[in-house]
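Observations on the three-dimensional arrangement
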Amino acid sequence: MAVAAQMQVFLEVRRRLQSALLILGEPKEGGMPMDISVTPSSLQVKTPEGCTEVWLPAEVRLVPSSSRGLRYVAGDGLHLWLQAQTEFSTNLISMFNQSSHTRGCCTFYCQSCGEVIIRDRKLLRVLPLPTENWGALVGEWCCHPDPFANKPLHPRENDCFIGDSFVLMNLRNDLWQPRPQLAPVETHCLSSENHFKLTPKANTKVICKRCKVMVGETMSSETIKFYMTEMIIQPSERNFPIIPRSQFVQSIIAQCLMELSSARSTFRFIIQGHDGKTYILLWLLNSDSLVIESLGNSKSVKKFPLLEDVSKADFGSACRAVKVLYQPCIKNRNETLAGSWESDISVHSLTLPSATCLELLLLLSRNTATLPPSLRSMNSFQVAFLKM
C-alpha cells in the first residue's frame, strides 16, 4: 500500500457473500475534487494534494463493473459496494487442534515472556471436556444412578483435557516451579467452561516465575488449569515464536468464538474474569471478514507497547477477522443487560484471567476507535474486529 496523500481507506471483504464495502475517508479541506479508480487488484484516489494507492492482497480481487450504492456519509466520506472474489483458506492453526499436540513431546511457554512452564511433556491423550450440560444428559439417558455424580474430571499423567478457553494438565511429576499453597477445598463437577468450584476460595493462582503474569490456576494437588490466552504450546524441537501480545490475544479469542459458534450454534458470550466478575458482553456477527485499512496519520489512536508490535506501520494491514458487537461491564456498567444474559441458557460464558479481560476490552475499544464513525456502533452495542 503506497500512501502519498493522507486519507483513511477502509475495505471490508465478506468471503461468503463475495462482497466488499469500500469507504474513502473525507479528505482534508481543499482535497476535492477526487478522482477514484478501481481495478481488480488496487484502488487509487487522486486529489489536488496527492495520490493514495492501495494494493490488495493477491488472494483478493474486486470486480469494478459491479460497483453500486455510491453515497456520501457525513463524517465518513464515500461508501461504495462491490463484488469481490477471495481465495483465502478456511483452515486456521488453532489451539483447539487436538491432533497436533499428540505427536512427540511438547513444551509449554509463557506467552508474555517466553519462559518455559512445562518442558518436554509427552501427551498420550488429548481429549475435549464435555459440554456444560453433560451431567444432565447422563441423568436423562441412564436408567441407573449417575456414576459420575460429584466426581470431577481430572487428567491422568500424560493427559491433556481441553476446555473452551483452557487446558487441564496433570503435573504430578513436574518440578517446574514452586506451586501456590492450597487451602482445604471442596470440588464439584460443573461444566467445561467452569469445571470446578472451589469452596472456600483459596489462592490458587499459578504465576510465571519470570514475568509474574497469571498463567493458570491450581485445581487440585496434581491438576493445573492453564489459560490458552497465556500459553503457547509447541513441539519441543521448535523455537518459541515471538508473537505480539495483541495479535495473540485477538487470534485466540477469535478462534474460540468461531469454534463455539460452529459447534454449539451460540453467538452471544460473556467474558468473565477468574474472580467471577463479568467484564464484557460479546455478540458474534460474522467470522468471514477480511479487513484492509489505511489509517493515514491519525493522531487519535495510540499504540500500547506492552500489547502491540510498535514497529508495524499504521497504514499497511490486511488480515482475516471476526466482527463482534460488545458492551463493557466494568464499573457496574450495563448491569441489567449483563444480568439478563447471565440467566439466558443460550449465552455461553468464557473465563479468562481478569487482567486478560481488561486487555481484551482495551483492544476492542482501540479497534472501534479506528473504524469509520458510521461503523462504530450498532443499536446500543459497539462494533469491533478481532483479527486473526
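Just so it is clear, the structure is predicted and the values come from calculations on it, not from any experiment. (Residues numbered from 1 in each chain as written. Predicted model: local features only at pLDDT ≥ 70, side-chain atom pairs only at ≥ 80, totals over all residues. Heavy atoms only, no water.)

Applying the stated criterion across every chain, the model contains 10 salt bridges. The salt bridge involving Glu-230 is made with Arg-245; its shortest N-O contact spans 3.0 Å. Of this pair, Glu-230 sits in the loop between strand 16 (223–227) and strand 17 (231–235) while Arg-245 sits in helix 2 (residues 245–264), and the two are 15 residues apart along the sequence. Per residue, the accessibility class of Glu-230 equals that of Arg-245, and both read buried. Across the pair Glu-359 and Arg-245 runs a salt bridge, and its minimum N-O distance is 2.9 Å. Of the two residues, Glu-359 is situated in helix 4 (residues 354–370) and Arg-245 in helix 2; the sequence distance between them amounts to 114 residues. Given a relative accessible area of 8%, Arg-245 falls into the buried group. The network of salt bridges with shared partners includes Arg-14, Arg-16 and Asp-288. (Salt bridge = Lys/Arg side-chain N within 4 Å of Asp/Glu carboxyl O. Helix = DSSP H or I, 4+ residues; strand = E, 2+ residues; numbered from the N terminus. Buried < 20%, exposed > 50% of the residue type's maximum accessible area, 1.4 Å probe, protein only.)

The next point concerns the confidence of the model for the protein chain. For the protein chain, mean pLDDT is 80; residues scoring 70 or higher make up 75% of the total. Counting contacts from residues 1–5, a segment whose pLDDT is below 50, to residues more than four positions away or on other chains yields 19 contacts. In this model, residues 175–200 is a region of pLDDT below 50 whose contacts with residues beyond four sequence positions or in other chains number 77 contacts. (pLDDT = per-residue confidence, 0-100. Contact = heavy atoms within 4.5 Å.)

All right, on to the sheet that holds strand 9 (residues 105–110) then. Strand order in the open sheet made by the 3 strands is 10-9-17, with antiparallel pairing throughout. Two strands in the sheet have a free side with no partner beyond their single neighbour: strand 10 (116–122) and strand 17. Across this sheet, the average inter-strand angle for adjacent strands is 20 degrees, counted without regard to direction. Bridging between strand 9 and strand 17 involves 5 bridges; their strand directions are antiparallel. From the neighbouring strand, Phe-108 faces strand 17, where its bridge partner is Ile-233. (Pairing = 2+ DSSP bridges. Axes fitted to C-alpha atoms, helices over the stretch in contact; angles between N-to-C directions.)

With that settled, the discussion passes to the sheet that holds strand 13 (residues 166–170). In space, the 6 strands of this open sheet follow the order 11-12-13-16-15-14, with mixed pairing throughout. At either margin of the open sheet sits one strand with a lone partner, and together these are strand 11 (125–128) and strand 14 (205–207). Strand-to-strand twist of the sheet, defined as the mean angle between neighbouring strand axes without regard to direction, takes the value 25 degrees. Strand direction decides the pairing type here: strand 15 (residues 214–218) and strand 16, joined by 3 bridges, are antiparallel. Note that in strand 16 the partner of Glu-217 across the bridge is Lys-225.

What follows concerns the side chain of Asp-288. Following the sequence through the fold, Asp-288 ends up in strand 19 (residues 278–294). Residue classification places Asp-288 among the buried residues on the basis of a relative accessible area of 2%. A distance of 2.6 Å separates a polar atom in the side chain of Asp-288 from a polar atom in the side chain of Arg-14. Here the side chain of Asp-288 touches Arg-16 through a polar contact of 3.0 Å, landing on its backbone nitrogen. (Polar contact = N/O pair within 3.5 Å; in protein donor to acceptor, adjacent residues only side chain to side chain.)

As a further point, take the packing of helix 2 against helix 4. Two elements in contact, helix 2 and helix 4, have axes separated by 11 Å at closest approach and are oriented at 95 degrees. Looking at the two axes, helix 2 sits roughly perpendicular to helix 4. In this structure, helix 2 uses Arg-245, Ser-246, Val-249, Gln-250 and Ile-253 to contact helix 4, whose residues at the interface are Thr-356, Glu-359, Leu-360 and Leu-363. In terms of residue class, the contact of helix 2 with helix 4 is built from 4 nonpolar, 3 polar and 2 charged. (Parallel < 35°, antiparallel > 145°, perpendicular 65-115°, else oblique. Nonpolar A, V, L, I, M, F, W, Y, C, P; charged D, E, K, R; others polar.)

In terms of nonpolar packing, the biggest core is built from 25 residues, with Leu-257, Ile-271, Ile-280, Leu-282, Val-324, Leu-364 and Leu-386 touching the most fellow members. Taken together, the elements giving at least two residues each to this core come down to helix 2, strand 18 (268–273), strand 19, strand 20 (317–328), strand 21 (348–352), helix 4 and strand 23 (381–387). Sorting elements by how many residues they give to this core places helix 2 first, with 7 residues. Dropping the residues within four chain positions of it, Leu-282 is found in contact with Leu-257, Phe-267, Arg-268, Phe-269, Ile-271, Val-324, Leu-325, Tyr-326, Trp-341 and Leu-364. Within the second largest apolar cluster, 23 residues are counted, among which are Cys-106, Cys-110, Ile-162 and Met-228. (Core = buried A, V, L, I, M, F, W, Y, C linked by side-chain atoms within 4.5 Å.)

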